[in-house]
Amino acid sequence: MAALLPAEWIKNWEKGGKNEFVQLCRALSENKNHDVGFRDIQQALYELAYHVVRGNLKHDQASNVLGDVIEFREDMPSILADVFCILDIETSCLEEKNKRDHFTQLVLACLYLVSDTVLKERLDPETLESLGLIKQSQQFNQKSVKIKTKLFYKQQKFNLLREENEGYAKLIAELGQDLSGNITSDLILENIKSLIGCFNLDPNRVLDIILEVYECRPEYDDFFVPLIESYMYMCEPQTLCHILGFKFKFYQDPSGETPSSLYRVAAVLLQHNLIDLEDLYVHLLPGDNAIIEEHKREIVEAKQIVRKLTMVVLSSEKTEEKEKEKEKEEEKTEKPPDNQKLGLLEALLKIGDWHHAQSIMDQMPPFYSTSHKPIAIALCQLVHVTIEPLYRRVGVPKGAKGSPVSSLPNKRAPKQAESFEELRKEVFNMLCYLGPHLSHDPILFAKVVRLGKAFMKEAGTVKKFVSDRVVKFQSDGSKQEDKEKMETLFSCLLSITDQVLLPSLSLMDCNACMSEELWGMFKTFPYQYRYRLYGQWKNETYNSHPLLVKVKAQTIDRAKYIMKRLTKENVKPSGRQIGKLSHSNPTILFDYILSQIQKYDNLITPVVDSLKYLTSLNYDVLAYCIIEALANPEKERMKHDDTTISSWLQSLASFCGAIFRKYPIELAGLLQYVANQLKAGKSFDLLILKEVVQKMAGIEITEEMTMEQLEAMTGGEQLKAEGGYFGQIRNTKKSSQRLKDALLDHDLALPLCLLMAQQRNGVVFQEGGEKHLKLVGKLYDQCHDTLVQFGGFLASNLSTEDYIKRVPSIDVLCNEFHTPHDAAFFLSRPMYAHHISSKYDELKKAEKGNKQQHKVHKYITSCELVMAPVHEAVISLHLPKVWDDISPQFYATFWSLTMYDLAVPHSSYDREVNKLKVQMKAIDDNQEMPPNKKKKEKERCTALQDKLLEEEKKQLEHVQRVLQRLKLEKDNWLLAKSTKNETITKFLQLCIFPRCIFSAIDAVYCAHFVELVHQQKTPNFSTLLCYDRVFSDIIYTVASCTENEASRYGRFLCCMLETVTRWHSDRVIYEKECGNYPGFLTILRATGFDGGNKADQLDYENFRHVVHKWHYKLTKASVHCLETGEYTHIRNILIVLTKILPWYPKVLNLGQALERRVHKICQEEKEKRPDLYALAMGYSGQLKSRKPFMIPENEFHHKDPPARNAVPATVQNGPGGAGMPTSLAINTVRLEEGTTEETADKLKEKSQGVVKVINKTVNATPKVTTSNGNSASNSKIIKEKDDKEKSGKEKDKEKKDKTPAVTPEMKALGKDGKDKPKEERANKDEKAREIKEKTPKSDKEKEKVKKEEKASKEEKSKMVVTIIESKSTAEKEREKEPSRERDLAKEMKSKENAKGGEKVPVAGSLKSPVPRSETSESEREQKRRKVDTHSSPSHSSTVKDNLNELKDSSAKHYINHTTPTLSKSKEREVEKKDLDKSRERSREREKKDEKDRKDRKRDHSNSDREVPQDSTKRRKEENGTTGSSKHSKSESPSDSPRLNEKEKEKNKSKSSGKDKGDSIKAEKMEKSSSGSKKESRHDKEKTEKKEKRDSTGGKEEKKHHKSSDKHR
């Protein structure tokens, strides 16, 4: 710090230094900044004095200048004294004595400037002594100590003898007088002062007495408070607080109890701010730490109680006694020491000092203070007072008087609320401090709830605000501010509900009224808010407070007790107990009950019945708890095997349905949950929707409906209700109305439908990734069934307007919402029906004409008006080329009609009417029934009967109108611009197959519709082809079905078979219903060049052959599926077989083949897959019971004796063609070919995997036992079977002469294949053969077999040559006359028929009559070839297949198309073979009979080693791929040269079979060469195909060898 006094000033002090110093001091003292000036003056004076001490300046000079300066400031003497004090200390420490002397001299010189007293205060006693200001320093020190002690340490004793008692007596009299007059506190205060002075009273004691008197006269606040306030001006501020603290301290001993009057006085003084809370708080006990400790202890105790309750205690007397002792001890220590803080808090609340009360509460743990009842009640009372005006205005219910609450006299109490906005300021805050302890005052609880209700009403019901989470209130143009205020208030109300109302309800003792009161407010909240509140209540609230923790444990304990004892018998008493428990703690109770239901599903019924004593709030909480249980992420929705839905989920779903049906619970949350799950791609929870709809609307979805029920379901609503369901559907009107309202109010009807429709594929392609196939099927079925059920519910419950308003048009559904077509039409169908009927009614009203024709005309008009836009809309659903074959009108008609439109279930109506008649008779006969009840019951039955008859009449009229409409439409239905075959494909693909698996009724509808289209004589519709396609290849459709779809598909096949069986049963029926119908035309090309049209009808006998072929095909497919070992294949085929049991199998040998295979499944699956075992056992039993009704094959269709022929006999007797006219035979070949190609195409597109399935089909035939076995026992079994079934088979073989494809029997019995040659010879030969067959073959026979094979090969090679020639002519012809193909084909057929013996082999399976374009055919051929190259795993009974397939394929390729030219190398091979064959033929014929028998027994699939590979190749080419694949498979085992003896024997036997097959082929070739001219159109295709085949033949054969080796 720079020196203020420069050295020059001291040197020249007299000259100018003195003046400079004075100027400096003046300047410093005038400085406005007081502090700075003060410090600088101090420094200046110090420097001056210091110069004197050092001797630079004389003391008199300094004293003079100080005398001049001293006047500049008032405090200058004090400043100077401070400077002397500092110097005194400094100089006393110095050793130089002269400096000390200089200091003493300076002080003495300045004594006139500073008073002695100031110096005595500040200077050291020794200095004072040296200055002469005091006599002795020692004496001075002693005296100062005494004074200090007296001042600061000595307590003043008020001597009561000195204070006179009279004064206190007068004081008490003064304070205790009657204060009602005009006595004021000021007046009394003056008197008190006089008393204090007069009687020498202690002022503090006077204050204490004033407080005591105030305690006793609490009503005189207005007097005492001002008195104390005035009195305090005379005291120190802390005095009052100390006296109060002293009073509180007096009561702090353990037995003391602080009087409430003292608390009140303290509270009033606090409220008037006469004392500070902080000052008083420290005087109160217990300390805050102790309170926190106590709170923690309470929580621990509560948890221990919970632990005790949840522990399983094995009760023994000792433990019980111990517990009793403990409880006694606890009771003793129960009385807690006085808590003065809480006492003060209570007093504050009572006088309405909320501000101070709040600050005390804040210093304690949450809800600690209000957990003490007096405080909770005091706070409740304060809330009562505060809300009174508002409650009186808006909260009092109509008609209620209510007892008004008087306001507090205290002006400082919180302001009473007049509006909702004012509630928010104080009341909500008070309630939050109350928390769960509002339970102490149910009346206040009700008031708060009513205010909440009134607020919701005033604010306008809360609109939808889930999306933006903001409540949009009705605002009649009110400002944004108002809205914001309302939103704030609403969120406050929700907080109060969460933190106060619900926890308080938990602590109330089963108060049902409060629960209902609360529901009055809750029902105005949207369910999203309610559920959120319930969630908080259940999962968080109970952990927030020790009391609630205990309550939760007690509730669970009580719930366990009740649930253990709940049975069907004690539902009522248990229900009452559950009701009591649920009024207060529903979340905890329901959570426990649901956990029990998930474990024990037999509890569902008693629990549902016992819940009838719940309040509305409890039902709503139950809905929430159910959803929470369903959404529990910790629970697995699948059982451990991953193939079935968990039982807990099934139980919950079942409970849901029952509970929502029985009680009026809001459904919106549950439905939204299901919708959300579907959005997330999870379909498990559809189970819930399914159950809810089933129980609430009475719409059942079951695959196990009887045919009677199904029939009833095709009638009107009344018939459905009476005869269509398993359970009697009663009283669903209200519940279905509730379900409907929930769906419409929350706009969930259409979204749920669309989500389910989309989710069906989601199940497979998104959900089903890692899941077990069985589970995926179940989920798919569940999704589909629920969609059908839900759609049915909407159709029958929504009004026409509601429905039409919600369901968009078909093109929007499919193209925008990506709904699958079947589902989209399912949803739209009721809409079309509504539209048409309303239009029809309009037209009827407009013109009143009762003639039937008029009505029909109007109906047709209304249909056109409604359906025209639909016809337009459907065009966008498929590719344009689809509409070349079928018209949009036909498509829309098919999808828009139902069984109700096609047929009246008269038998069903009659059945129900008869039931009612029986009931009425029973009522009459019942003597015990009272007459009035009889009358009522009879009236009910009569009314029902009338309704049913009326409904039947109405449906009959409707069906007649629909049939008229269809009659008019039918000519435009099928355009068939490509081919009939293509048309049938489109029809099956886009209409029949998707719909027949949609529902059981749709399955029946599809079958009826096919029949209807046939009966209507629809142009371009080939009934024959349609049925053929349906029955021929069911493997793929069956394999791709889910369980329920398989059941529906089975129903469809059953209905189709029913029709076919009806036609098959009687010639008259056949002639009447099919005779001259266009659906049974067989159009074929003739041989000659002379054109001419002739349409051939399929005659009755040939139809029977065709039906037999279908039965065979079904058998073949069934056996294949059963042999795959695939779970889905086996399960589905068993389901289908069970469904078609009434009509199939009818033929004995097919039935036996099936029976064997099913028996094998029973044995194999017993341990592995019990569900398959159960299915197979069930079917097996039913099949056995049908056995007496099965007939031998020769009764099923008539077999002509075979005519002998120049053609090698082996070909002619294929079991399948006998008796068919040639024309049909040829046509059927074509049919077969087209369809196999088509199916192959489709399947190939689907997947390569399916290709294998085809091969399996080809090879899997009913004859299990014939598989390559060579053992004697095997062959014996085979023989025995052969013998039994021979007679039937022989006829088949005759058929097969005409149809190169083997018929079912052939395949069904391995031996039959061998029978072919026999039949040509004569029936005698057959018997001989049978005998031979029974014995194993000798070596000679084996040689014969080889020879025969060679001969047949030679024949074939010859045939090939002829075919090549015929082809060239055919090509030429085709160029000339492409248009005359069909006619020529027909002619050729008729000619061949005339020839008798020389019948063209016809393919055993009826398929597409008209081949497609060349390119498409060649593609198909290639596909088929690929298909066939796959090896077949099932090698049993390939004999039959191979023969069949050989015939099939050869027929296809030689009859329907002329054969392609072969390469030169192949021709050479042919020639070689010819030579071999001619040599051996003579030998063959001699021994043929024997060989035939044995051949057939052996597996045809093991063909001869000796056959050269090129000949097999050629055979493949000739036979068409189907045959070739089988052949090559069968050959491969014998191709390996290193076979042991047994194998050689087998091979020989098989080779003989092959010879026969070859000879068959040869015959076919010859025949086909004669027919080749007919086929001119397809020559080119064939050549292309054959060339391709040639190139692939070798490869294929190698593959086949490998594969068949594997099989061996």
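Residue indices begin from 1 for each chain and proceed along its sequence in written order. Reporting in this predicted model follows two pLDDT cut-offs: at least 70 for local features of residues, and 80 or more for side-chain atom pairs to be given and counted; totals over whole chains, interfaces and linings ignore these cut-offs and use all residues. Water and hydrogen atoms were dropped before computing side-chain values, which therefore reflect all heavy atoms in the structure.

With respect to the packing of aromatic side chains
Whether two aromatic rings pair depends on their centres lying within 6.5 Å, for rings of Phe, Tyr and Trp, where Trp uses its six-membered ring; planes under 30 degrees apart make the pair stacked, over 60 edge-to-face, and the rest tilted. Tallying each qualifying case throughout the model produces 48 aromatic pairs. Look at Tyr1005 and Phe1009: their rings are 5.7 Å apart centre to centre, the planes differ by 35°, and that puts the pair in the tilted class. One end of the pair is Tyr1005 and the other is Phe1009, both in helix H49 (residues 1000-1015) and four residues apart, which spans about a single turn. Like Phe1009, Tyr1005 is buried. In textbook terms, an aromatic cluster arises when at least three aromatic residues are bridged by ring pairs, as seen for Phe825, Trp883, Phe890, Tyr891, Phe894, Trp895, Trp973, Phe987, Tyr1005, Phe1009 and Phe1021. Secondary structure elements follow DSSP: runs of H or I of four or more residues count as helices, runs of E of two or more count as strands, with numbering from the N terminus. A simple rule labels every residue: compare its accessible area, found with a 1.4 Å probe on the protein chains alone, to the largest value its type can have, and call it buried under 20%, exposed over 50%, or partly exposed in between.

Focus on the environment of Leu270
Mapped onto the elements of the fold, Leu270 is located in helix H15 (residues 260-271). With relative accessibility at 0%, the residue Leu270 sits in the buried group. With 86 residues separating them along the chain, Leu270 and His356 place their C-alpha atoms 7.7 Å apart. The contacts of Leu270, once residues within four sequence positions are left out, are Ile275, Asp276, Leu277, Leu280, Leu344, Leu348, Asp353 and His356. We call two residues in contact whenever any of their non-hydrogen atoms come within 4.5 Å of each other.

Section: the environment of Glu212
Looking at where Glu212 falls in the secondary structure, it is placed in helix H12 (residues 203-216). Through-space distance from the C-alpha of Glu212 to that of Val265 is 9.3 Å; in sequence the pair is 53 residues apart. Counting of polar contacts relies on pairs of N or O atoms within 3.5 Å, with two restrictions inside protein: one atom must be capable of donating a hydrogen and the other of accepting it, and residues adjacent in sequence are counted only when both atoms are side-chain atoms. Side chain to side chain, Glu212 and Lys247 meet in a polar contact 2.6 Å long.

Remarks on the state of the cysteines
Only a pair of cysteine sulfur atoms within 2.5 Å qualifies as a disulfide here. Under the defined criterion, the tally for this structure stands at zero disulfides. Looking at the unpaired Cys492, the closest cysteine sulfur is the one in Cys432, lying at 8.2 Å. Residue classification places Cys492 among the buried residues on the basis of a relative accessible area of 19%.

Thoughts on the side chain of Ser574
Structurally, the position occupied by Ser574 is in helix H28 (residues 571-584). Since its relative accessible area comes to 3%, Ser574 is described here as buried. Here Asn570 takes part through its backbone oxygen, which lies 3.1 Å from a polar atom of the side chain of Ser574.

Notes on the confidence of the model for the protein
On a scale of 0 to 100, pLDDT captures the predictor's confidence in every residue. Considering every residue of the protein, the mean pLDDT works out to 75; 69% of them sit at 70 or more. Across the protein, the secondary-structure element scoring lowest on mean pLDDT is helix H59 (residues 1209-1212), at 34, and the one scoring highest is H15, at 95. Below pLDDT 50 for its whole length, residues 461-471 participates in 24 contacts with residues either more than four positions away or in separate chains. Contacts for the low-pLDDT stretch residues 1497-1589, under 50 throughout, to residues beyond four places or in other chains number 387 contacts.

Notes on the nonpolar core
To define a nonpolar core, start from buried Ala, Val, Leu, Ile, Met, Phe, Trp, Tyr and Cys residues and group those joined through side-chain atoms within 4.5 Å. If you look at the biggest cluster of nonpolar residues, it comprises 317 residues, and the most contacted ones within it are Leu344, Phe655, Leu752 and Phe1052. Among the elements that line this core, the one with the most residues is helix H31 (residues 616-630), at eleven residues. Aside from chain neighbours lying at most four places away, what touches Phe655 is Leu594, Ile597, Ile604, Val607, Val608, Leu611, Leu622 and Ile626. If you look at the next biggest cluster of nonpolar residues, it comprises 41 residues, including Ile41, Val52, Leu66 and Leu113.

So, a positive patch on the surface
Only residues above 30% relative accessible area that lack a salt bridge enter a patch, with like-charged residues linked at up to 9 Å and the nonpolar side chains Val, Leu, Ile, Met, Phe, Trp and Tyr linked at up to 5 Å. Method for areas: the Shrake-Rupley scheme with a 1.4 Å probe, in which residue coverage is limited to the protein chains shown. We define a salt bridge as a side-chain nitrogen of Lys or Arg found within 4 Å of a carboxyl oxygen belonging to Asp or Glu. The sign given to each residue is positive for Lys and Arg and negative for Asp and Glu; His and the chain ends receive no count. For this purpose, a charge sits on NZ of Lys, CZ of Arg, CG of Asp or CD of Glu. On the surface, Arg558, Lys564, Arg565 and Lys580 cluster together to form a positively charged patch. When you line up the elements, Arg565 lands in helix H27 (residues 546-565).

Some thoughts on the packing of helix H48 (residues 980-996) against helix H52 (residues 1043-1065)
Interaxial angle, 0 to 180 degrees, is taken between N-to-C directions of lines fitted to C-alpha atoms, where a helix line uses only the stretch in contact. It is at 8 Å that the axes of H48 and H52 come closest, and there the two elements cross at 120°. In terms of orientation, H48 and H52 fall into the oblique class. Every residue of H52 that contacts H48 at Ile992, Phe993 and Cys996 is listed here: Arg1048, Tyr1049 and Phe1052. Asp, Glu, Lys and Arg are counted as charged, while Ala, Val, Leu, Ile, Met, Phe, Trp, Tyr, Cys and Pro are counted as nonpolar; the rest, among them Gly, fall into the polar class. Of the residues that constitute the contact of H48 with H52, the class distribution is five nonpolar, no polar and one charged. Note on terminology: angles under 35 degrees are roughly parallel, angles over 145 are roughly antiparallel, angles of 65 to 115 are roughly perpendicular, and the others are oblique.

Observations concerning the pattern of salt bridges
What the rule picks out here adds up to 51 salt bridges. Put simply, Lys193 and Glu190 hold a salt bridge, and the shortest N to O gap is 3.6 Å. With a gap of three residues between them, Lys193 and Glu190 both fall in helix H11 (residues 185-199), about one helical turn apart. Residue Glu190 is classed as partly exposed on the basis of its relative accessible area of 44%. Measuring nitrogen to oxygen at the nearest pair gives 2.8 Å for the salt bridge that ties Asp609 to Lys662.

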